Amino acid sequence: MTHAPAPLERKLTVILYADVAGYSRLTEADEARTHRLLADSLDRFTSCIEHYNGKVEHYAGDAILAEFPSVTLAVTCALTVQSELSRSQSHLSEDQRIMFRIGINLGEVIVDRGEIYGEGVNIAARLEALAEPGGVWISDLVRHEVPNKLPLAFRDLGEHKVKNIEEPIRVFRVDVLPGAKLPPIETLVVRRTRIPWLNVSMLAGMAVLLVVVALTWLGVLGPRQAVDLQLPDKPSLAVLPFKNISDDAAQEYFVDGITDDLITDLSKIPQLFVISSNSSSLYKNTKIDTRKIGRELGVRYILTGTLRRTPKMLRLNTQLIEAESGATLWADRYDADLEQIFDVQDVIVAHVVATVSSGTSPQKELAKRVSKVVNIEAYDLFLQGWAHYNRETPDGYSDAIPLLKSAIEQDPSFNRPHTVLAAIYYQGRLRRWNRQWNLSSYDAFREAYQHLQSAMAEPTALALSVSSLMHIHNGRHQQAIAQAQEAIALDPNDPTAHIVLAQALSMAGEGMKALEYTRQAIRLNPHYPASYIWTMGLAHFVGKNNAQAMKLLEDAGTDHAGLDIVPLLAIYGILERTEDIRKLLEVQRLRWEQWHPGHPMTVRSLVAAFPPFLREEDTDRLSKGLTTALASR
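Calculation criteria
Residues numbered from 1 in each chain as written. Predicted model: local features only at pLDDT ≥ 70, side-chain atom pairs only at ≥ 80, totals over all residues. Heavy atoms only, no water. 1 Å grid on protein atoms, 1.4 Å probe; cavity = no way out; pocket = protein on both sides within 12 Å on 5 of 7 lines; lining within 4 Å. Points joined across faces, edges and corners; volume = space filled by probe spheres on them. Helix = DSSP H or I, 4+ residues; strand = E, 2+ residues; numbered from the N terminus. Expected span 1.5 Å × (residues − 1). Buried < 20%, exposed > 50% of the residue type's maximum accessible area, 1.4 Å probe, protein only. Arc of directions from axis to C-beta. Contact = heavy atoms within 4.5 Å. Salt bridge = Lys/Arg side-chain N within 4 Å of Asp/Glu carboxyl O. Phe/Tyr/Trp six-rings, centres within 6.5 Å; stacked < 30°, edge-to-face > 60°. Lys NZ or Arg CZ within 6 Å of the ring centre and 35° of its normal. Pairing = 2+ DSSP bridges. Core = buried A, V, L, I, M, F, W, Y, C linked by side-chain atoms within 4.5 Å. Patch = residues over 30% accessible without salt bridge, like charges linked within 9 Å, V, L, I, M, F, W, Y side chains within 5 Å. Areas by Shrake-Rupley, 256 points an atom, 1.4 Å probe, with all protein chains shown as cover. Lys, Arg positive; Asp, Glu negative; His and termini not counted. Charge placed at Lys NZ, Arg CZ, Asp CG, Glu CD. Polar contact = N/O pair within 3.5 Å; in protein donor to acceptor, adjacent residues only side chain to side chain. Axes fitted to C-alpha atoms, helices over the stretch in contact; angles between N-to-C directions. Parallel < 35°, antiparallel > 145°, perpendicular 65-115°, else oblique. Left-handed = near helix turned anticlockwise from the far one by under 90°. Nonpolar A, V, L, I, M, F, W, Y, C, P; charged D, E, K, R; others polar.

*Asks:* An account of the layout of surface pockets is needed here, citing residue identities and associated values.
*Replies:* A volume near 1,000 Å³ is recorded for the second largest pocket. Tyr-23, Ser-24, Pro-232, Phe-273 and Gln-520 are, among the 33 residues lining the second largest pocket, the residues nearest its centre. Among the elements that take part in the lining of the second largest pocket, helix α20 (residues 511-524) stands out by supplying six residues, more than any other.

Spelled out as structure tokens, the structure:
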């Protein structure tokens, strides 16, 4: 007997979408200044949203998606933040300022795993795209619900036909009346419950329309983003998982490994923007709608393919597609011996680059690649181990270890297995999985270090990232930063390298810079894991933005063994959140007893177990918060 799927949660809400106008131009003119201004502007924007009872739902590079309990609060927040940003940048010329375009819509959204989706969100994004820098544009539904008592001026801009929305949208520009001031938040919060959102007949009619549209929209979606992402300034590409058409279904690992290798080779080319395999792999075994995928990942081109493997031969078909139009730009078929797989990959990369970026040659980047193995058996064993490693589970790591070690035995000159083993032992140690391998924490670290020494003979971005993590946990902050920067230089499109650099910068007290690299990692890997949110929370912790740090660390979750909850516990202590302290202390106590049996959990022991900060003031804040938290036991 089959059971009907659980109904999706829907709600009526106010959506605000904001994006920076001309961000690429500003970055090109002065990258360092622009990144500093963006970090400051996003922090101001976030604080304003929280002040007006809003909630940030999503960050995407230089964009923000938020929702509010009423149109009054959303519109007031938008106008306030535009005024605040203008004031804070008044010393700069107009062509140097970070200026947001803001769109606000009232509509029904779908709530799934803590994020909101649907046409209500997309309309807000379309309004933002129409708005001028520094402007706030709203839909007619929002205009209908803004109280007349607010000192606002509305300019009717007529109906606009926008992409992917069937019906034209009537839009308004909203401004504060000259010489007027917006009312304080206290009066808005008191009155908002008395303001009817919509009359019953209008609400019913709109709900039916939006439910129909939402169902249609949902029916074609697999993995997705909350809003369509804008295209980067450089040629952008996603490599979808190639399809295994071999007679042997067990060859799936080999096909996935070839896909990952192509992504790695393409991502090393700085002239390209390449989506991480962590995000593109989510489209495996789904119907390929290039337009939808292109919008969700924010790329112009899609590379797809099929692979058939026999004991000695392989046949590889590839197709490069322009995502929005669905037009095939280039397609080819390759028949080769297994030993020629690396040559075939080089040819594919060269064809892709020549098609999307004229005048760019990948030869320099391909030459940096780790030496190609001659022993195809070693490569096959490596791909099997790589597939288990990508499962990101204790059993996956355990299954990967013997395969990777066998690959080394088959070809001792093959360095890539050493890199993955270093990552497995070190990440497994951080997640406390080493006990499954009957290894102490020290033994797991020693295994990681030994394999890393071999891997660093021909370092990959992953090897450099693991090395940077080791430096972070050993308090060698400058070495950690340098190695993560080297990883990004080697592979500019590797989100892991960006996240590791963000963590290294945060531990060195450079929270604003850390946020910059975290946002870039999110853009490269739109379907990002909880560790990205935790990293943003850590950056706000060292930036003394307690409210934002608390929210992000809470959103990251407290049930991930690899995400330390000590910073969140410290923030609860700083903010004296007694009930939250009580609940989180119990989680931390259970962890401590499991990981450090026989050792008392004290402020000193918690600080010592956390990676060391470079700045004494950050360590003092951690200690102070933990002191308050533990005193409440």
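That shown, we press on.
*Asks:* Describe helix α16 (residues 441-455), listing the residues and the values that go with them.
*Replies:* For α16, which comprises 15 residues, the first-to-last C-alpha distance of 21 Å matches the rise-based estimate of 21 Å (1.5 Å per residue) to within 8%. When we look at burial in α16, the residues that qualify are Ala-444, Ala-448, His-451, Leu-452 and Ala-455. The buried residues of α16 occupy one face: seen down the axis, they fall within an arc of 105°. Tucked into the core, α16 has its buried residues touching α14 (394-410), α15 (416-430) and α17 (461-473).

*Asks:* Which residues make up the pattern of salt bridges, and what values go with them?
*Replies:* Where side chains of opposite charge bring their charged atoms close, a pairing between them can arise. Counted under the stated rule, the structure contains 30 salt bridges. Of the charged contacts in the structure, one is a salt bridge between Arg-44 and Asp-40, with a shortest N-O distance of 2.7 Å. Taken as a pair, Arg-44 and Asp-40 lie in helix α2 (residues 31-51) at a separation of four residues, close to a single helical turn. Judged by relative accessible area, Asp-40 falls into the partly exposed class, the value being 31%. A salt bridge links Lys-284 to Glu-252, with the nearest nitrogen and oxygen atoms 2.5 Å apart. Of this pair, Lys-284 sits in the loop between α9 (277-280) and α10 (290-297) while Glu-252 is found in helix α8 (residues 252-267), placing the two residues 32 residues apart along the sequence. For Lys-284, a relative accessible area of 24% gives the class partly exposed.

*Asks:* Outline the packing of aromatic side chains, listing residues and values.
*Replies:* Here the structure, examined in full by the defined rule, presents 14 aromatic pairs. Plain terms: the ring middles of Tyr-253 and Phe-254 are 6.5 Å apart, the flat faces sit at 90° to each other, and that makes the pair edge-to-face. Each member of the pair, Tyr-253 together with Phe-254, is buried. With a centroid separation of 5.1 Å and 75° between ring planes, the pair formed by Tyr-397 and Trp-433 is classed as edge-to-face. Here Tyr-397 is found in helix α14, whereas its partner Trp-433 is found in the loop between α15 and α16, with 36 residues between them in sequence. For the residue pair Tyr-397 and Trp-433, the accessibility class agrees, reading buried in each case. The ring of Phe-254 has Arg-309 lying over it, and the distance from NZ or CZ to the ring centre is 4.3 Å. Just above the ring of Phe-541 sits the side chain of Arg-621; from NZ or CZ to the centre is 4.6 Å.

*Asks:* Lay out the pairing of strand β4 (residues 100-112) in plain terms, naming residues and giving numbers.
*Replies:* Across the 13 residues that make up β4, a large majority, 13, are buried. With three bridges joining them, β4 and strand β5 (residues 115-117) adopt antiparallel strand pairing. The residue of β5 that forms the bridge with Asp-112 is Glu-115.

*Asks:* Lay out the nonpolar core with the relevant residues and their values.
*Replies:* Counting 163 residues, the largest nonpolar core has Phe-68, Ile-102 and Ile-104 as its most contacted members. By residue number, the principal contributor to this core is helix α3 (residues 71-88), which donates nine residues. Beyond its immediate stretch of four places on either side in the chain, Phe-68 contacts Thr-13, Val-14, Leu-16, Ile-49, Tyr-52, Asn-53, Gly-54, Leu-73, Ala-74 and Cys-77. Of all hydrophobic cores here, the second largest spans 11 residues; its members include Ala-238, Ile-302, Ala-323 and Leu-524.

*Asks:* Give me the lowdown on a negative patch on the surface, citing residues and values where you can.
*Replies:* Negative charge collects at one region of the surface, where Asp-140, Glu-159, Glu-166 and Glu-167 lie side by side. For Glu-167, the location among the structural elements is in the loop between β7 (152-160) and β8 (169-176). For Glu-167, a relative accessible area of 52% translates into the label exposed.

*Asks:* Explain helix α18 (residues 477-490) residue by residue, including any values.
*Replies:* With 14 residues, α18 ought to run about 20 Å at 1.5 Å a step, and its terminal C-alpha atoms sit 20 Å apart, in line with that. Considered for burial, the residues of α18 that qualify are His-477, Ala-480, Ile-481, Gln-483, Ala-484, Ala-487, Ile-488 and Leu-490. The inward-facing, buried residues of α18 contact α17, α19 (495-507) and α20.

*Asks:* Requested: an account of the side chain of His-498, with residues and values cited.
*Replies:* Mapped onto the fold, His-498 is located in helix α19. Look past the residues within four positions of His-498 in its chain and what remains in contact with it is Ile-488, Pro-492, Tyr-517, Gln-520, Ala-521 and Leu-524.

*Asks:* Describe in detail the side chain of Ser-236, supporting the description with residues and values.
*Replies:* As for its placement among the helices and strands, Ser-236 is situated in strand β9 (residues 236-239). Looking at Ser-236, its side chain comes within polar contact range of the main-chain nitrogen of Arg-300, at 2.8 Å.

*Asks:* Talk me through the packing of α18 against α19; I want residue IDs and the actual numbers.
*Replies:* The interhelical angle for the contact between α18 and α19, taken along N-to-C directions, is 160°, at an axis separation of 9 Å. For the element pair α18 / α19, the angle class is roughly antiparallel. Here α18 and α19 pass one another in a crossing that is left-handed. Touching His-477, Ala-480, Ile-481, Ala-484, Gln-485, Ala-487 and Ile-488 of α18 are Ala-497, His-498, Val-500, Leu-501, Ala-504, Leu-505 and Met-507, all from α19. Of the residues that constitute the contact of α18 with α19, the class distribution is 11 nonpolar, three polar and no charged.

*Asks:* So what's going on with the environment of Ile-581? Which residues, and what values?
*Replies:* Mapped onto the secondary structure, Ile-581 falls in helix α24 (residues 578-595). Residue class for Ile-581 comes out buried when judged on its relative accessible area of 2%. Placed 13 residues apart in sequence, Ile-581 and Leu-568 show a C-alpha to C-alpha distance of 9.2 Å. Not counting chain neighbours up to four residues away, the residues in contact with Ile-581 comprise Leu-569, Tyr-572, Gly-573, Ala-629 and Ser-632.

*Asks:* Can you lay out unusual backbone geometry for me, pointing to particular residues and giving the numbers?
*Replies:* As a rule of thumb, non-glycine residues mostly have phi less than zero, and peptide bonds are mostly trans rather than cis. In this structure, Asn-285 takes a positive phi of about 60° despite not being glycine. Tracing the chain through its elements places Asn-285 in the loop between α9 and α10. The backbone of Asn-438 shows a phi angle near 60°, a positive value even though the residue is not glycine. Within the secondary structure layout, Asn-438 lies in the loop between α15 and α16. Under the relative-accessibility criterion, Asn-438 is labelled exposed at 72%.

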